[in-house]
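Summary of structural features
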Amino acid sequence: MDKPNNLLETALAHARRLSGVHLYAGKLQAPLSGKTFPVASPATRQQIGTAADGDAQDVAAAVGAAAGAQADWAAMSPRARGKILQKAAAQLTQHTEEIATLLALETGKAIRTESRVEANVLADCFEFYGGLGSELKGETIPFAPNMLVFTQREPIGVVAAILPWNAPLMLMAFKIAPALVAGNTVVVKSAEEAPLSTLFVVDLLNRSLPPGVVNILSGFGPSCGGPLVADRRVGKVTFTGSVDTGKIIAHAAADRLIPTTLELGGKSPMIVMDDADLDRTVAGAVAGMRFTRQGQSCTAASRMLVHRSVREEFVARMADKVNAMRMGDPLDEATDIGTIISTGQFDRVHSYLELGKRIPHVETLQLSKMPEAPELKDGLFVQPTVFVGVSNEDRLAREEIFGPVTCVIPFDDYEQAIAMANDSDYGLAATIWTRNLQRALDATQRLQAGFVQVNQNIVAQPGLSYGGIKQSGLGKEASMEAMLDHFTQKKTILISRD
Ligand code: NAI
Ligand code: MG
């Protein structure tokens, strides 16, 4: 492995090499308008490169490349496609450190706690889906003695994958690996805040995949994502991001009657009962709130419903734990917590901090310590913040903040906790901490969320269906069912035996 300094130089060299281009038809391609936009590190605010500012002309070219490559890709045996994905996974594994360094540079996600972990999940996801080629099965149906009736799963065609910036590599892998193994080709639209690490990964994938099978554009939502969703050769859109944008995409997809998978965030409740093992609960709360990612996670445990009798101790122990975490340079191995992604998100998070401080019944705890290094003085750091004594009715408890800000909401009995947990527009994830088995089982049945955990709080993993209900979205990701249900279409075939 390179020494850290060399790694930084290597990552910066990749950022320069990949500046101002898309990748489609197997090649780096300049945007047809000639326009680019700057990409900067949110920790130092130094520019590290530029990204192509894609528009409808680039979309047309990239979708053309994907459409042109699709028939040959679909004609391969599924296992052969899977083996190519596994070869790509090995390729990604060889470059994990470079990928993680570039991700940390461009997003401010700390290398040890976040970026390296994500780079590993990325490779793991290709490995996982690469093994599922032989699972693209249909059924035989004993419909009538004189007929042979069966179903078969076919690829949809060209898939558009529109990405967010918060876990861009993992979420890209959750979208493109199942789409590809099922025989689709893909055009990715990266998030404007994280274009280079995703482009680097697609560049690496193109070393194993035939040209045109996986393509990536950078650009802004309406001017690049908009034409992509509208292109009549696109047969499916998979999206992660905000509820508002998800609805715009769903409307555009409805006009063309194409399916969508939408992962739209949450306001995930974490219930702490009075009989919970507090050591484990506090560790799980800190991990579940994703303080290491500045809370920029759709499943962040941002509504902590805590039994009044343990609230004080829970808050004190959580504060101790977060105070011991170190904010700093995302590239430093000693750093636990990096930065917010962009000035827009930084301002948005601050508006919620101001809001919380103005609520008279709410106590504000600002934890850890801002970094002192002069080169980080303009970095987009926000101290982890716990608002204690929030009411489930407050905007703080209802709106997705997407920052290192959690609410502690007291309750007096279990029924009240369940009612508050479910009283939300969102339904992505939920957690309960208790040693009472009956209660734990009861909660798993009653919590309205797509991903429910008891006495733990782990992140989405390849192999487990992941996706929300209510305003949190439509459809599942990350599992075999996600591949079958969301990236294939079923054909029913009836053959007369007469
Ligand atoms: P966004 O939903 O606007 O952006 C996500 C992606 O959609 C980006 O690639 C963007 O370019 C694209 N996009 C935007 N408008 C589009 C359009 N009209 N047509 C096609 N594509 C379009 O999210 P944004 O603005 O980055 O963040 C705002 C808030 O959204 C965050 O504060 C957070 O609450 C939520 N969010 C949730 C995420 C999740 O994991 N579910 C991820 C990112 C943001
Ligand atoms: Mg937006």
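About the cut-offs
- Residues numbered from 1 in each chain as written.
- Chains lettered and ligands numbered in written order.
- Predicted model: local features only at pLDDT ≥ 70, side-chain atom pairs only at ≥ 80, totals over all residues.
- Heavy atoms only, no water.
- Axes fitted to C-alpha atoms, helices over the stretch in contact; angles between N-to-C directions.
- Helix = DSSP H or I, 4+ residues; strand = E, 2+ residues; numbered from the N terminus.
- Parallel < 35°, antiparallel > 145°, perpendicular 65-115°, else oblique.
- Left-handed = near helix turned anticlockwise from the far one by under 90°.
- Contact = heavy atoms within 4.5 Å.
- Core = buried A, V, L, I, M, F, W, Y, C linked by side-chain atoms within 4.5 Å.
- Buried < 20%, exposed > 50% of the residue type's maximum accessible area, 1.4 Å probe, protein only.
- Domains from an automatic or database assignment.
- Expected span 1.5 Å × (residues − 1).
- Arc of directions from axis to C-beta.
- Near = heavy atom within 4 Å.
- Polar contact = N/O pair within 3.5 Å; in protein donor to acceptor, adjacent residues only side chain to side chain.
- Areas by Shrake-Rupley, 256 points an atom, 1.4 Å probe, with all protein chains shown as cover.
- 1 Å grid on protein atoms, 1.4 Å probe; cavity = no way out; pocket = protein on both sides within 12 Å on 5 of 7 lines; lining within 4 Å.
- Sits in = over half its atoms within 2 Å of the grid points.
- Nonpolar A, V, L, I, M, F, W, Y, C, P; charged D, E, K, R; others polar.
- Pairing = 2+ DSSP bridges.

What follows concerns the packing of helix α4 (residues 96–107) against helix α5 (residues 111–130). Packed helices, taken two at a time, are described by the angle between their axes plus the distance between the axes. The contact between α4 and α5 brings their axes to 9 Å, and the two run at 130°. Relative to α5, the element α4 is oriented oblique. You can see that α4 and α5 cross each other, and the crossing is right-handed. Judged by residue contacts, Thr 96, Glu 97, Ile 99, Ala 100, Thr 101, Leu 103 and Ala 104 of α4 engage Ile 111, Ser 115, Arg 116, Glu 118, Ala 119, Asn 120 and Leu 122 from α5.

It is worth spelling out the nonpolar core at this point. In terms of nonpolar packing, the biggest core is built from 72 residues, with Leu 92, Ile 99, Phe 126, Ile 176, Leu 205 and Leu 209 touching the most fellow members. It is helix α6 (residues 168–181) that contributes the most residues to this core, eleven residues altogether. Split by domain, this core shows at least three residues from each of two domains, domain 1 (4–264 + 472–492) and domain 2 (269–463). Residues contacting Phe 126, with those up to four places away along its chain left out, are Leu 85, Gln 86, Ala 89, Leu 92, Ala 173, Ile 176, Ala 177 and Leu 205.

Once that is clear, we can look at helix α3 (residues 78–94). In this model, α3 (17 residues) spans 25 Å end to end at C-alpha, consistent with the 24 Å of a helix rising 1.5 Å per residue. Residues of α3 that are buried: Arg 81, Gly 82, Ile 84, Leu 85, Ala 88, Ala 89, Gln 91 and Leu 92. Around the axis of α3, the buried residues are gathered within 165° of arc, so they sit on the same side. Facing away from the buried surface of α3 by more than 90 degrees, the exposed residues are Arg 79, Lys 83, Lys 87 and Gln 94. Looking at the buried positions of α3, the neighbouring elements they touch are α2 (56–75), α4, α5, α6 and α7 (195–205).

Near ligand 1 you find 27 residues, and of these Leu 163, Trp 165, Lys 189, Glu 192 and Glu 400 are the closest. A distance of 2.6 Å is found between an oxygen atom of ligand 1 and a side-chain nitrogen or oxygen belonging to Lys 189. Here an oxygen atom of ligand 1 and a side-chain polar atom of Gln 345 are 2.9 Å apart. Here ligand 1 has 810 Å² of accessible area as a free molecule, and 89% of this is covered by the chains. One can see that ligand 1 is located within the largest pocket. Elements with a contribution of two residues or more to the shell around ligand 1: α8 (221–230), β10 (234–240), α9 (243–256) and α12 (343–358). Residues of the shell around ligand 1, tallied by class, amount to eleven nonpolar, eleven polar and five charged. Composition of the shell around ligand 1 by domain shows at least three residues from each of domain 1 (4–264 + 472–492) and domain 2 (269–463).

On to the sheet that holds strand β19 (residues 451–454). Taken together, the seven strands give an open sheet; going across it, the order is β14-β15-β16-β13-β12-β18-β19, and neighbouring strands pair in mixed fashion. One side of each edge strand has no neighbouring strand; the edge strands of this open sheet are β14 (363–366) and β19. Taken over all neighbouring pairs, the strand axes of this sheet differ in orientation by 20° on average, direction set aside. For strand β12 (residues 269–272) and strand β13 (residues 303–307), the ladder comprises four bridges, and the chain directions are parallel. In the strand pairing of β13, Val 272 is matched with Val 306. Running at roughly 165° to β12, helix α10 (residues 278–288) makes contact with β12, β13 and β18 (429–433) of the sheet.

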